[in-house]
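# Descriptive structure summary
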Amino acid sequence: MEQSQQQLLQWLYATAQGNKQAFEQLYQATSGKLFSVSLHLLRRHDWAEDVLQDAFVRIWHNAADYHAEKGSVMSWMISITRYRALDLLKSRRVKAEHLDISEPEHDQTSNEVQPGEVIGLVRDKVKLDDCMQGLSDEHRQSIQLAYFNGLSHQEITAHTGSALGTVKSWIRRGLTQLKRCLEA
Amino acid sequence: MKYQDQELLDALAVDFILGAMKGAARKRFQRLMMASPNVRQTVWRWEQHLNPLAEGLPATVPDKAVWQRIQQRLGWLAPTATPATANSTKYWLALATAASILLAVVMLRPILYTAAPQEIAVIQSSDAKAWWLVSKAQNRLHVKATATVTDDAQHDYELWMLPANGQAPVSLGLLPQQGERLLEWPTAADGIAIAALAVSLEPVGGSLTGAPSGPVLFTAEIVTL
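Notes on the structure follow. (Residues numbered from 1 in each chain as written. Chains lettered and ligands numbered in written order. Predicted model: local features only at pLDDT ≥ 70, side-chain atom pairs only at ≥ 80, totals over all residues. Heavy atoms only, no water.)

Attention now moves to helix α2 (residues 23–35) of chain B. Its 13 residues give α2 of chain B an end-to-end C-alpha distance of 19 Å, which sits within 8% of 18 Å, the value for a rise of 1.5 Å per residue. As for α2 of chain B, its buried residues are in contact with α4 (73–92) of chain A together with α1 (6–18) and α3 (37–50) of chain B. (Helix = DSSP H or I, 4+ residues; strand = E, 2+ residues; numbered from the N terminus. Expected span 1.5 Å × (residues − 1). Contact = heavy atoms within 4.5 Å.)

Residue and element names in this part refer to chain B. Spatially, β5-β4-β7-β8 is the arrangement adopted by the four strands of the open sheet, whose pairing is antiparallel. The open sheet has two free edges, formed respectively by β5 (170–175) and β8 (216–220), since each of these has just one partner strand. Pairs of neighbouring strands in the sheet enclose a mean axial angle of 25 degrees, with direction left out of account. When strand β4 (residues 155–163) meets β5, the two strands line up antiparallel, connected through five bridges. Residue pairing in the sheet places Leu159 in a bridge with Gly173 of β5. (Pairing = 2+ DSSP bridges. Axes fitted to C-alpha atoms, helices over the stretch in contact; angles between N-to-C directions.)

The sheet built from five strands is open, its strands ordered β6-β3-β2-β1-β9 (chain B) with antiparallel pairing. On the outer flanks of this sheet lie β6 (180–184) and β9 (223–224) of chain B, each paired with one strand and no other.

For the rest of this paragraph, the subject is the side chain of Gln5 of chain A. Residue and element names in this part refer to chain A. Counting through the fold element by element, Gln5 comes out in helix α1 (residues 2–16). Of the residues examined, Gln5 reaches a relative accessible area of 12% and is grouped as buried. Of the polar contacts made by the side chain of Gln5, one reaches the backbone nitrogen of Val73; its length is 3.3 Å. (Buried < 20%, exposed > 50% of the residue type's maximum accessible area, 1.4 Å probe, protein only. Polar contact = N/O pair within 3.5 Å; in protein donor to acceptor, adjacent residues only side chain to side chain.)

Let us look at a positive patch on the surface. A grouping of Lys90 of chain A together with Lys22, Lys27, Arg28 and Arg31 of chain B is seen on the molecular surface, where their side chains present a positively charged patch. Ranked by residue count, the leading element in the positive patch is α2 of chain B, at three residues. On the secondary structure map, Lys22 of chain B appears in the loop between α1 and α2. (Patch = residues over 30% accessible without salt bridge, like charges linked within 9 Å, V, L, I, M, F, W, Y side chains within 5 Å. Areas by Shrake-Rupley, 256 points an atom, 1.4 Å probe, with all protein chains shown as cover. Salt bridge = Lys/Arg side-chain N within 4 Å of Asp/Glu carboxyl O. Lys, Arg positive; Asp, Glu negative; His and termini not counted. Charge placed at Lys NZ, Arg CZ, Asp CG, Glu CD.)

So, about the pairing of β5 of chain B. Most of β5 of chain B is tucked away, with five of its six residues classed as buried. Linking β4 of chain B to β5 of chain B, which pair antiparallel, is a turn of six residues; within it Gly166 of chain B sits at a positive phi near 85 degrees.

Here is the structure:
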């Protein structure tokens, strides 16, 4: 999987030097995951497409700003996509009650799964999974709702039926525990 | 607030990444990231911790048109050079001209057209320059920006339907500043006779109030072909 990160890195370096072909390869390899990230946050195809477009325009222009300290190439691209989606989410004021959060994990989109191991996050993912497993159900669920669906603490209370203070402390304590585990 | 406290910084970084930090606090934190290496390194570290979560998502292949539009945005493709609409500039210009002529011959419509009606509108400035071409088929609006549209990164142009019965305008969505876009016809606008369309200048993302909040720049009538 290290090689995948290497591959993405090569494409990104070439992209930074204005190589359109490399940029297209980068797009082909990563757009499926990034589109899922965007779709989960926005729940609307057209908005998710707008975000994906914005994200890749930004990736093209900012490719030279990437460096290893920012994480893997994929992690960097996910962040660009997520921040753009969060901006849009905020400006369009999508409310949690309009959203179907309880989407089954294997819906029709699963049929479109691409060979996902291209991504180069797999090793980190294994560790994260281990650490997430170590959390209590409430801690884990709150973090997932916030991360994948962009739900505010307030919206999570509506979803879990818990008090605001409780949700805040779940997320905070969950993440502190997660950090200890990940950085151990 | 003491930003040198690492535990507090961790909490803030996570709020920033998850989107829980909003408004002025978010802007302040962004400035802080630019100013302080420790702050931005903390954010990057947490991004690396959390982003592998996304690895668990199944990939969803986006429509091919997305890649076309990215290339258009980067100026690699002429806005109209997508395969599906190779001749569309000419087509639309012709249609825009035809629309005004057709107004005159609209009386012939029952004889000439018995197929499904198509509704179109040309949104044009007072000096008769077309900005957008709008066509409606079933419950979808196809909107196309012409080269006349002034790019405005600070604002969005929002399209409204003005009901003939004088009710409040219904938002139809945001108009593209380049290229074309499909908008779903909102159910709120179903079955309402349309007096006209209007375009207002709004904050990015559209009006927050549900009604036009900025200046109304254009109005246009719908022509049924």
